[in-house]
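Descriptive analysis of the structure
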Amino acid sequence: MTIIELPFRATTEQSCAWMEQQTGTPWTLARLLENALTPYVWFDYDANHAELFGDANGGYAAPIFLEADVARLVAGSEDVLITTTKDAYKIVAQLPAPGFRRELHELRFLKKELERLVAKLKHDAEPKPMVVETASEARVGISKDEVLAAFGTMLRIDMHKALDDAGGIFGDEGARIKGSARKSKKQAMWNPVTLALGMNDAYRVPISQLKRAFQAHDFLYPWLGQWNESLALLGK
């Protein structure tokens, strides 16, 4: 059997063929997206939309993450419609209505994200010992650096400052673990599930984008069950 080598940015066909080889089951574009993989399309530099490119005068790979845009692809759309993406500096950008259209064959998936998904699927398939969560375990959160790594690019506000100021969803009455910053701000911890739900409610960060964060960062894996359970209870 020929071993499929993935390029840095793989086409849908390459991604599905590689996933099938790795998992032994067939894959489609819809299945890739339902597993929270982010598709990208290449934007060639366009002077009419120079604000998207910054110094990237050759163009850049733009992510498709808005729930409606992804759902359209999952439903079997004949082309790609991108209404919201991120600019070259990874800041969320609303595209001029009705959005940018591209051909389906232009979609790309990142090699590292495909490899991470396979590792997760194999890990999930392994038998798991019963673990009883204790009260002390329930108080464990993620650090400021981890919050910024997972969620820092999703908001236009200065999240670094917001975490230090600890107001709203960033404080003890929100997502910060109560008492964790008593001795020092550096020791503060946050509950990522509470934080993500607050970002969706207060800042309208799409659930689809937050789902991808929980899939993309190893330090969020212990919270994935609580995250999925919370979404189910909220009907999301």
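Residues numbered from 1 in each chain as written. Predicted model: local features only at pLDDT ≥ 70, side-chain atom pairs only at ≥ 80, totals over all residues. Heavy atoms only, no water.

1. So, helix H4 (residues 111-125)
We apply this condition: What counts as a helix is a DSSP run of H or I of at least four residues, what counts as a strand is a run of E of at least two, and both are numbered from the N terminus. By this rule the span expected of a helix is its residue count minus one, scaled by 1.5 Å. Accessible area is worked out with a 1.4 Å probe on protein chains only. A residue is then buried under 20% of its type maximum, exposed over 50%, and partly exposed in between. Each direction from the helix axis to a C-beta atom contributes to the arc, which is the arc of those directions.
With 15 residues, H4 extends 21 Å from end C-alpha to end C-alpha; this agrees with the ideal 21 Å at 1.5 Å per step. Along H4, the residues classified as buried are Glu113, Leu114, Leu117, Val118 and Lys120. An end-on view of H4 places all buried positions within 160° of arc, on one side of the element.

2. Let's talk about the environment of isoleucine 91
Under the convention used in this document: Here, residues are in contact when the closest pair of their heavy atoms is within 4.5 Å.
With respect to the helices and strands, the residue isoleucine 91 is situated in the loop between strand E5 (84-86) and strand E6 (92-94). Separated by 64 residues in sequence, isoleucine 91 and leucine 155 have C-alpha atoms that sit 8.0 Å apart. Residues contacting isoleucine 91, with those up to four places away along its chain left out, are Thr85, Lys86 and Arg156.

3. Let's talk about the pairing of strand E4 (residues 79-82)
Consecutive residues of a regular strand have side chains that alternate between opposite faces of the sheet. In plain terms, the rule: We treat two strands as partners when DSSP finds at least two bridges between them.
Residues Asp79 and Leu81 line one face of E4 and the alternating positions Val80 and Ile82 line the opposite face, and both faces are buried. Pairing between E4 and strand E7 (residues 100-103): 4 bridges, direction antiparallel. The residue bridging aspartate 79 from the neighbouring strand is glutamate 103, located in E7.

4. A closer look at the sheet that holds strand E8 (residues 108-110)
To keep it simple, the criterion reads: The angle between two axes is taken between their N-to-C directions and runs from 0 to 180 degrees, where each axis is a line fitted to C-alpha atoms and a helix contributes only its stretch in contact.
Spatially, 4 strands are ordered E1-E8-E2-E3 in an open sheet, and the strand pairing comes out antiparallel. Both edges of this open sheet fall to strand E1 (9-11) and strand E3 (60-63), since each of them pairs with a single strand only. Looking at each pair of strands side by side, their axes are set apart by 50° on average, direction ignored. When E1 meets E8, the two strands line up antiparallel, connected through 3 bridges. Note on E8: the bridge partner recorded for threonine 11 is arginine 108. Lying on the sheet, helix H1 (residues 12-23) is in contact with E1 and E8; it crosses E1 at an angle near 90°.

5. Here we look at the packing of helix H8 (residues 192-203) against helix H9 (residues 207-216)
Our working rule: Here roughly perpendicular refers to angles of 65 to 115 degrees, roughly parallel to angles under 35, roughly antiparallel to angles over 145, and oblique to all remaining angles. Put simply, a crossing is left-handed when the front helix is turned counterclockwise from the back one by less than a right angle, and right-handed when it is turned clockwise. Amino acids are sorted into nonpolar (Ala, Val, Leu, Ile, Met, Phe, Trp, Tyr, Cys and Pro), charged (Asp, Glu, Lys and Arg) and polar (every other residue, Gly among them).
Contact geometry for H8 and H9: axes closest at 10 Å, N-to-C directions at 160°. Looking at the two axes, H8 sits roughly antiparallel to H9. In this structure, H8 meets H9 at a crossing whose hand is right-handed. Of the residues in H9, those touching H8 at Pro192, Val193, Ala196, Met199 and Asn200 are Ile207, Leu210 and Phe214. Class assignment of the residues belonging to the contact of H8 with H9 gives a composition of 7 nonpolar, 1 polar and no charged.

6. Considering the pairing of strand E2 (residues 39-43)
With 4 of 5 residues buried, E2 lies mostly within the body of the structure. Examined bridge by bridge, E2 and E8 share 2 bridges and lie antiparallel to one another. Within the sheet, the bridge partner assigned to tyrosine 40 lies in E8 and is arginine 108. As paired elements, E2 and E3 share 4 bridges and run antiparallel to each other.

7. Looking at the confidence of the model for the protein chain
Stated formally: One confidence number per residue, pLDDT, is output by the predictor and ranges from 0 to 100.
Of all residues in the protein chain, 94% have pLDDT values of 70 or greater, and the mean over the chain is 89. Across residues 131-139 the pLDDT falls below 50, and counting only partners more than four positions away or on other chains, this stretch makes 3 contacts in the model.

8. Focus on the packing of aromatic side chains
Which entries qualify depends on this criterion: Aromatic rings from Phe, Tyr and Trp, with only the six-membered ring used for Trp, were paired whenever their centres fell within 6.5 Å, and each pair was classed as stacked if the ring planes differed by under 30 degrees, edge-to-face if by over 60, and tilted otherwise. Charge-over-ring placement is defined geometrically: NZ (Lys) or CZ (Arg) within 6 Å of the ring centre, and within 35 degrees of the ring normal.
Under the criterion given, the structure shown has 7 aromatic pairs. One aromatic cluster is present, built from ring pairs that chain together Phe43, Tyr45, Phe53, Tyr60 and Phe100. Positioned over the ring face of tryptophan 27 is arginine 31, at 3.7 Å from the centre of the ring.

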